[in-house]
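Listed here are the chains, written in short residue letters.
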2 protein chains.
Amino acid sequence: MAFEVTNDFLDNLTELIEANKKIAIKALFEDLHFADIAEVLDELDFDEAIYIIKLLDSEKTSEILTELDEDIREKILANLSSKEIAREISEMDTDDAADIIGELSKERQRRVMNAIKDEDHAADIIELLSYEDNSAGSLMGKELVKVYETWTVGGCMRRIRAQASEVSRVHSIYVVDKQERLIGRLSLKDLIVAKNDQKIAEIYINKVDSVNVNEDDEEVAKIMSKYDLEAIPVVDDDNVLLGRITIDDIVDVLKEEADKDYQLAAGLTQDVEADDTVYELVKGRLPWLILGLFGSLGAVIIMQNFQTIMENPEYKALFFFTPLIAAVAGNVGVQSSAIIVQGLANDLIKGSLWSRLLKEVAISLINGLLLSVIITIFTSVLGFHFSFSMAISISLMSVIIIAALIGTFVPIVLDKRGIDPALATGPFITTSNDIFGILIYFSIAKLILGI
Amino acid sequence: MAFEVTNDFLDNLTELIEANKKIAIKALFEDLHFADIAEVLDELDFDEAIYIIKLLDSEKTSEILTELDEDIREKILANLSSKEIAREISEMDTDDAADIIGELSKERQRRVMNAIKDEDHAADIIELLSYEDNSAGSLMGKELVKVYETWTVGGCMRRIRAQASEVSRVHSIYVVDKQERLIGRLSLKDLIVAKNDQKIAEIYINKVDSVNVNEDDEEVAKIMSKYDLEAIPVVDDDNVLLGRITIDDIVDVLKEEADKDYQLAAGLTQDVEADDTVYELVKGRLPWLILGLFGSLGAVIIMQNFQTIMENPEYKALFFFTPLIAAVAGNVGVQSSAIIVQGLANDLIKGSLWSRLLKEVAISLINGLLLSVIITIFTSVLGFHFSFSMAISISLMSVIIIAALIGTFVPIVLDKRGIDPALATGPFITTSNDIFGILIYFSIAKLILGI
């Protein structure tokens with residue numbers, strides 16, 4: 001059932017646009033989902049995309065705009081008048097509308113808001129714009145079905161028919177008291193099953209999950225996925241009902257969060273994507289490469305200080321193992337920090353820091369021992385002295401332990417200080433482990449071999 | 001609003017269990033959400049967890065069982081009789097029931113299924129067990145509200161009241177023809193707004209998204225999040241309605257998918273978690289470390305072949321830069337492969353493989369040039385010859401290009417062959433880049449310096 005943007009489709013469309021065949025183009029998009037149309041527009045030349053947006057009904061284009069790639073949307077909005085944008089915004093749900101208006105300049109925001117005819121809609125959007133980024137308020141929409149506890153089921157049904165026309169999907173019906181404070185919920189199902197003359201106060205469910213409007217969006221995502229909620233009401237400090245967050249917005253939060261962690265671990269500045277320009281991709285990659293480079297340059301200086309070892313024909317081979325030491329230190333560090341980052345995200349990091357570090361030492365000893373066995377076999381096959389093998393094995397073991405401790409300690413400490421622990425993965429951890437690893441390696445080897 | 005398992009809570013609970021104070025314990029759990037109770041049980045000793053499960057009502061424990069950590073659930077199920085398990089299963093939705101029964105041995109499955117009294121429920125579960133893992137069928141539940149196009153709105157409401165009692169949340173009402181084929185959908189809202197004597201055929205929406213029962217679960221997740229669906233009906237090849245998948249199951253699929261990619265990139269075998277035992281953690285980490293070790297040992301052999309360079313006092317410093325070459329090659333390779341893996345997941349990898357490789361070369365040239373400038377400054381400060389700096393810079397540039405090409409090429413090829421491209425991230429890419437990097441570095445440096 002999934003629609004795919006094919007080259008044939010695009011060629012056909014481009015021809016129709018050139019020939020200005022409006023009816024044929026409208027027919028082409030008639031049965032397409034707005035998410036699919038957005039995909040098509042992402043592929044078109046910019047002038048063509050503008051042409052399509054101006055051609056289609058605002059009911060459809062408003063949905064398309066919310067689905068478009070941010071870069072392309074920005075360009076398209078820059079080519080629409082404030083009035084045209086206001087028309088699109090009027091068709092959107094308040095949360096989508098606020099997101100898109102938020103991308104405009106302050107001056108442009110003011111002009112678009114003035115051009116919106118529905119004053120309630122405009123007031124809702126202005127309220128949503130006032131909440132901080134990454135808060136529950138920035139995620140929520142004002143569209144919801146609300147009933148007062150004093151209403152009857154019959155009266156309720158009549159009013160819901162009116163309210164529901166503005167709400168695309170009825171998740172839950174929220175029950176409030178006279179002061180607009182959230183006191184419970186109802187499902188449409190409950191209402192259908194109840195008798196017409198019953199009071200809402202008699203039938204509503206007084207257990208209702210809610211989040212504060214200032215709650216962090218990742219926390220909201222955690223709560224909704226833990227309790228399998230499809231919508232959650234948002235309240236202020238006095239428990240007054242302000243809006244609701246739906247699960248589709250949470251799916252986006254979870255995806256962004258996962259993408260961010262993945263990109264940090266891979267040494268990419270957030271929001272770099274495969275279809276970005278060469279310039280954007282360089283900007284997203286170069287800083288991390290430079291960070292890594294400085295680590296390695298530190299290692300160069302350390303090795304310079306140990307260069308007399310090269311004059312010793314028996315031990316100069318120590319230098320053949322420096323990439324190995326750095327690689328193992330890096331791999332161990334990334335493993336440890338990744339486990340902590342995922343553990344923190346899933347609330348699995350319990351108990352004291354000491355017990356966790358001790359666990360890492362135990363794991364490192366076992367891993368180190370087994371890697372040492374392989375290295376000992378390898379070096380004896382190559383004809384190295386046993387003492388040489390021992391020096392490498394013992395320093396490797398120390399390097400593994402230190403790398404594991406750094407990989408565990410740093411993200412936990414960052415998290416405790418309110419900094420994103422995912423920063424401590426990837427190039428950051430491999431860079432510091434490069435320097436420490438090489439330093440420890442040569443120091444211990446020198447000690448053991450007596451050079 | 002989020003509940004947290006505190007030490008005080010656990011101490012208090014343990015005391016109550018020791019004193020066998022059943023009523024007090026029940027009261028303690030009275031107001032807790034089953035997801036919270038599952039968290040408490042994850043923290044308890046095993047005997048205590050069993051005690052709680054046997055104490056609480058099966059209506060509550062069935063929900064708790066679905067939320068428990070898999071390891072703990074397995075142990076608990078092993079301590080319940082087939083009859084007790086059957087009682088829990090009877091209270092569950094069919095999809096959860098099938099997941100849990102699927103974890104039991106074949107013999108145990110048979111005995112539990114025989115002990116389930118509701119034959120329809122049992123038949124549904126057996127059907128769900130027959131679908132392949134990671135297919136839409138394995139995700140779907142049989143609970144849905146279905147109406148025939150020939151019904152009237154009034155008759156429909158009556159029947160829905162009956163059907164809905166078994167369905168915890170009514171997402172959509174699916175409309176089928178006489179042959180049970182899916183032909184459309186309706187929302188409860190549409191039904192409430194319609195007149196009692198209208199026919200369903202007159203009011204239903206004949207556009208309905210659906211997925212085939214054999215569709216891959218990640219594809220289902222993509223479709224549902226792209227189209228912002230909260231539930232999607234599942235059909236067989238003849239379009240006969242079989243079940244429905246809800247968004248909360250999709251949230252789990254997305255999370256698992258993201259975790260898997262992240263762990264592969266970090267060099268962890270899937271499903272390793274922070275609270276696993278030392279043994280499990282070693283098992284999840286060691287294989288990747290050994291893989292990386294072999295790459296580095298390959299680099300050792302390559303360096304042995306270039307060891308005469310060490311005798312040259314001017315050029316022996318080339319060996320100080322081997323960790324740098326390996327680190328840059330590794331970082332570039334991970335960046336490139338991560339961008340491809342994320343791009344493939346989000347359908348951003350379009351155009352030919354050649355144009356993508358060309359883009360990587362362009363990015364590599366820019367990154368390489370800038371890193372070379374830093375290296376040239378660094379080496380001249382340390383007092384190295386300009387020709388030495390040039391040799392390092394030019395070989396670094398070549399290494400960056402090769403690493404970027406490997407990082408781009410391998411995941412794309414894996415994906416085309418139906419293999420998970422995420423396998424090509426992390427240790428795999430750094431290992432191969434270690435070997436290639438060092439080889440290219442010394443070969444080019446030798447050529448340039450004429451040694």
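Please read these numbers as outputs of a predicted model, since none were measured by experiment.

### A closer look at the overall build of chain A
- For chain A, the count of helices and strands is 21 helices and six strands.
- Taken over the C-alpha trace, chain A has a radius of gyration of 30 Å; the compact-globule value for 451 residues is 22 Å, which it surpasses by more than 25%.
- By residue count, 45% of the 451 residues in chain A fall in the buried class.
- A separation of at least 24 residues holds for 70% of the contacts in chain A among residues at least 6 apart in sequence.

### Some thoughts on the interface of chain A and chain B
- Facing 91 residues of chain A, the contacting portion of chain B comprises 91 residues.
- For the side of chain A that touches chain B, the secondary structure elements donating two or more residues are α12 (153-164), α13 (188-193), α15 (217-226), α16 (247-265), α17 (278-305), α18 (322-345), α19 (353-381) and α21 (427-449) of chain A.
- A total of 16 residues in the side of chain A that touches chain B trace back to one element, the largest contributor, which is α17 of chain A.
- For the side of chain A that touches chain B, a count of residues per class yields 59 nonpolar, 15 polar and 17 charged.

### Remarks on the relation of the copies chain A and chain B
- Its rotation angle being 180°, the transformation that places chain A on chain B also includes 0.0 Å of axial translation and leaves an RMSD of 0.1 Å. Taken together, the rotation angle and the small translation identify this as a two-fold axis. Using C-alpha coordinates, one finds that chain A approaches the rotation axis most closely at P323 of chain A, a distance of 2.2 Å.
- When you check the interface residues of chain A against chain B, 100% turn up at the interface there too, and the contact is symmetric in its surfaces.

### Focus on helix α10 (residues 119-129) of chain B
Residues and elements named next belong to chain B.
- Within the span of α10, buried status applies to A122, D124, I125 and L128. End-on, the buried residues of α10 take up no more than an arc of 160°, which puts them together on one face. Turned more than 90 degrees from where α10 packs its buried face, E119 and D120 sit exposed.

### Structural notes on unusual backbone geometry
Residue and element names in this part refer to chain B.
- Although it is not a glycine, N134 adopts a positive phi angle of roughly 60°.
- Topologically, N134 is positioned in the loop between α10 and α11 (136-139).
- Backbone geometry at N239 places phi at a positive 70°, although glycine is not the residue there.
- As for its placement among the helices and strands, N239 is situated in the loop between β5 (231-235) and β6 (241-246).
- By the C-beta count within 10 Å, which is 16 here, N239 ends up partly exposed.

### Quick word on the sheet that holds strand β3 (residues 182-186) of chain A
Residues and elements named next belong to chain A.
- Taking strand neighbours across the sheet as the criterion, the three strands line up as β1-β2-β3 in an open arrangement whose pairing is mixed. Edge strands, defined here as strands with exactly one partner in the open sheet, are β1 (145-148) and β3. In this sheet, adjacent strand axes meet at a mean angle of 35° when their direction is disregarded.
- With four bridges joining them, β1 and strand β2 (residues 173-176) adopt parallel strand pairing.

### Let's talk about the sheet that holds strand β4 (residues 211-212) of chain B
Residues and elements named next belong to chain B.
- Read across the sheet, three strands follow the order β4-β5-β6 without closing on themselves; strand pairing throughout is mixed. The open sheet has two free edges, formed respectively by β4 and β6, since each of these has just one partner strand.
- The sheet contact formed by β4 and β5 spans two bridges and is parallel. Along β5, the bridge assignment pairs N212 with V235.
- Each of β5 and β6 touches helix α16 (residues 247-266); the most contacted strand, β6, lies at about 60° to it.

### A look at the packing of α18 of chain A against helix α17 (residues 278-305) of chain B
- Here α18 of chain A crosses α17 of chain B at 160°, and the two axes come no closer than 9 Å. As far as their axial angle goes, α17 of chain B and α18 of chain A are roughly antiparallel. Crossing angle aside, the handedness with which α18 of chain A passes α17 of chain B is right-handed. Side by side, α18 of chain A and α17 of chain B meet where P323, L324, A327, V328, N331, V332 and Q335 of chain A of the first sit next to R285, W288, L289, G292, L293, S296, L297, A299 and V300 of chain B of the second.
- Considered class by class, the residues forming the contact of α18 of chain A with α17 of chain B number eleven nonpolar, four polar and one charged.

### Description of the domain arrangement of chain A
Residues and elements named next belong to chain A.
- Each assigned domain of chain A is listed here: domain 1 (7-139), domain 2 (145-246) and domain 3 (278-449).
- On a C-alpha basis, the centroid separation for the pair domain 1 and domain 2 is 30 Å.
- Contacts between the two partners involve seven residues from domain 1 and, on the opposite side, ten residues from domain 2.
- For the side of domain 1 that touches domain 2, the per-class residue count stands at three nonpolar, four polar and no charged.

Analysis parameters
- Just so you know, the residues in each chain are numbered from 1, in the order the chain's sequence is written.
- Each chain gets a letter, beginning with A, and each ligand a number, beginning with 1, in the order they are written.
- Per-residue local features of the predicted model are confined to residues with pLDDT of at least 70, and side-chain atom pairs are confined, for both listing and counting, to 80 or more; whole-chain, interface and lining totals are unaffected and use all residues.
- Note on conventions: DSSP H or I runs of at least 4 residues are helices, E runs of at least 2 residues are strands, and numbering of each starts at the N terminus.
- Based on C-alpha atoms, the radius of gyration is set beside the globule rule, defined as 2.2 Å times the residue count to the power 0.38.
- Here a residue counts as buried when 20 or more other C-beta atoms fall within 10 Å of its C-beta, as exposed when 12 or fewer do, and as partly exposed in between; the C-beta atoms come from the backbone.
- What counts as a contact here is a pair of residues whose C-beta atoms, placed from the backbone, lie within 7 Å.
- Charged residues are taken to be Asp, Glu, Lys and Arg, nonpolar residues to be Ala, Val, Leu, Ile, Met, Phe, Trp, Tyr, Cys and Pro, and polar residues to be all remaining types, Gly included.
- Only residues with pLDDT of at least 70 in both copies count here: their C-alpha atoms drive the least-squares fit that superposes the copies.
- As used here, the arc belongs to the directions running from the helix axis to the C-beta atoms.
- Only strands joined by at least two bridges in the DSSP assignment are considered to pair.
- Throughout, an axis means a line fitted to C-alpha atoms (over the contacting stretch in the case of helices), and angles, computed between N-to-C directions, take values from 0 to 180 degrees.
- Any angle that falls under 35 degrees is termed roughly parallel, while one over 145 is termed roughly antiparallel, one within 65 to 115 roughly perpendicular, and all others oblique.
- In this scheme the crossing of two helices becomes right-handed for a clockwise turn of the near helix relative to the far one and left-handed for an anticlockwise turn of less than a right angle.
- Each domain's extent is set by a domain assignment, obtained either automatically or from a database.

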